[in-house]
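Chain and residue survey
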Amino acid sequence: MNRRKFLKYSSILGGAGLLTGLYTWQVEPFWLEFTRVPMPVKNLPPALAGKTLMQISDIHIGVHSRDSYLKDSFIKAAAYQPDFVAYTGDFVTYNEPRQLDQLQELMRHAPQGRLGTTAVLGNHDYGARWKDSILANNITAMLEQMQIRVLRNEQQQYSGLNFIGIDDKWGTNFKPEKAMRYWNRQEATVVLCHNPDVMDLPVWNGYNGWVISGHTHGGQCKPPFLPPPLLPVTNKRYAAGQIGFEDGRTLYINRALGFTWQVRFNVRPEITVFELIRG
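How each quantity is defined
Residues numbered from 1 in each chain as written. Predicted model: local features only at pLDDT ≥ 70, side-chain atom pairs only at ≥ 80, totals over all residues. Heavy atoms only, no water. Salt bridge = Lys/Arg side-chain N within 4 Å of Asp/Glu carboxyl O. Helix = DSSP H or I, 4+ residues; strand = E, 2+ residues; numbered from the N terminus. Buried < 20%, exposed > 50% of the residue type's maximum accessible area, 1.4 Å probe, protein only. Pairing = 2+ DSSP bridges. Axes fitted to C-alpha atoms, helices over the stretch in contact; angles between N-to-C directions. Parallel < 35°, antiparallel > 145°, perpendicular 65-115°, else oblique. Left-handed = near helix turned anticlockwise from the far one by under 90°. Contact = heavy atoms within 4.5 Å. Nonpolar A, V, L, I, M, F, W, Y, C, P; charged D, E, K, R; others polar.

1. Regarding the pattern of salt bridges
For the structure on display, the rule yields nine salt bridges. Close ionic contact of aspartate 83 with arginine 114 constitutes a salt bridge, the shortest N to O distance being 3.1 Å. Here the residue aspartate 83 occupies a position in the loop between helix 2 (67–78) and strand 4 (84–88), and arginine 114 occupies one in the loop between helix 3 (98–106) and strand 6 (116–120), the gap between them amounting to 31 residues. Since its relative accessible area comes to 56%, arginine 114 is described here as exposed. Aspartate 167 is paired through a salt bridge with arginine 152; the nearest N and O atoms lie 2.9 Å apart. Linking aspartate 167 in the loop between strand 9 (161–166) and helix 5 (176–180) with arginine 152 in the loop between strand 7 (149–150) and strand 8 (154–158), this pair joins segments that are 15 residues apart in sequence. Assessed through its relative accessible area of 1%, aspartate 167 is described here as buried. Take arginine 152: its relative accessible area is 15%, and that puts it in the buried class. Look at the salt bridges and you will find they share partners, linking Glu33, Arg255 and Glu270 into a network.

Shown next, in the form of C-alpha cells:
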C-alpha cells in the first residue's frame, strides 16, 4: 500500500471511529424504545385481559443524568395511559442530597397507572456501597407521597392483579423468603425484583409466573451478534429481554431508561409495555 492509499484509509477509519463515538455518546443513550410484550398471566380476571402494565427501570437520576431526557421520556410514557405501572429500582445514582431534590422534581412527571402504581428499590437507592438504609427509607417515603407504593418484601393487590416486591439483593433489606412466603397460587401475580440473579436462589416457593427486573442495562454496550462483555450479574445469561424457565417462571429484564455513564451501543434504552393476557 502506498502512502496516499494509507492516508486515505486511515482518514476513513478515523472518521468512522469518531462518528461511532459520537453515536454511542450523544445518540443511542437518548434513543428510547417502547417495547411491547404479551404477558400471559395465570388466573387473570377477565376484566384485566387487554390491560397494560408498563415497566420503567433504572432511571438513575444523578450527576450524570440528562434530566430533560428523563422528563420527556416520562411525558411520552404517560401518553400511553397505562393501566398499571411498575418501577423496578435504581431511581437515583446518589452522590449528594441534591439528588433527592432532582428525584422529587422529575417524578412529578412520571407516569402513574390508572389502576395502580408500584415499585421496588435497586442497589443504587441504597447509596454508597449499597448500605445506606436511611437513604432507602427517604426515597421510599418520597415515592409513597407521590402515590407510588414501594414494596419491600411485601405484596399489594390492585383491581385483581397482585404485585409482590422483593427488595434489592445488594441492599440491607433483602428478604426474598418473606416476600414469597404467602403468595397465593389462585391469584394473578407479577413479581418485581431489581436484580435478576435472585432467579437462581431457592426462595420461590413454587412460584410459576412472571418476574420483571432491571439492573443490567442490557450491558449498555453490546458487539453485534455477541453477548455484552460487562454485566453486573453472576449469571451472564441474564442480559436483557424475556427468558423462560422449566418450572414455569418467566423473567423479563428491562434494558433501563437511564444510565450511570452516558454511553450505549446496540442496547437502546427501554420502557416496556406488557399486554396482559389470560394465561
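2. Quick notes on the sheet that holds strand 10 (residues 188–193)
The six strands are arranged 8-9-10-11-13-12 in an open sheet whose pairing can be described as mixed. In this open sheet, the two strands that pair with only one neighbour each are strand 8 and strand 12 (241–244). With strand direction ignored, the average angle separating the axes of adjacent strands in the sheet is 20°. Alignment of strand 11 (residues 210–213) against strand 13 (residues 250–253), held across four bridges, turns out to be parallel. For serine 213, the partnering residue across the bridge sits in strand 13 and is isoleucine 253.

3. Focus: the packing of helix 3 against helix 4 (residues 133–145)
Packing of helix 3 against helix 4 leaves a shortest axis separation of 11 Å and a crossing angle of 20°. Looking at the two axes, helix 3 sits roughly parallel to helix 4. Judged by the twist between their axes, the crossing of helix 3 over helix 4 is right-handed. Residues Leu100, Leu103 and Gln104 of helix 3 form the contact with helix 4, whose participating residues are Leu135, Ile139 and Met142. When its residues are assigned to classes, the contact of helix 3 with helix 4 shows five nonpolar, one polar and no charged.

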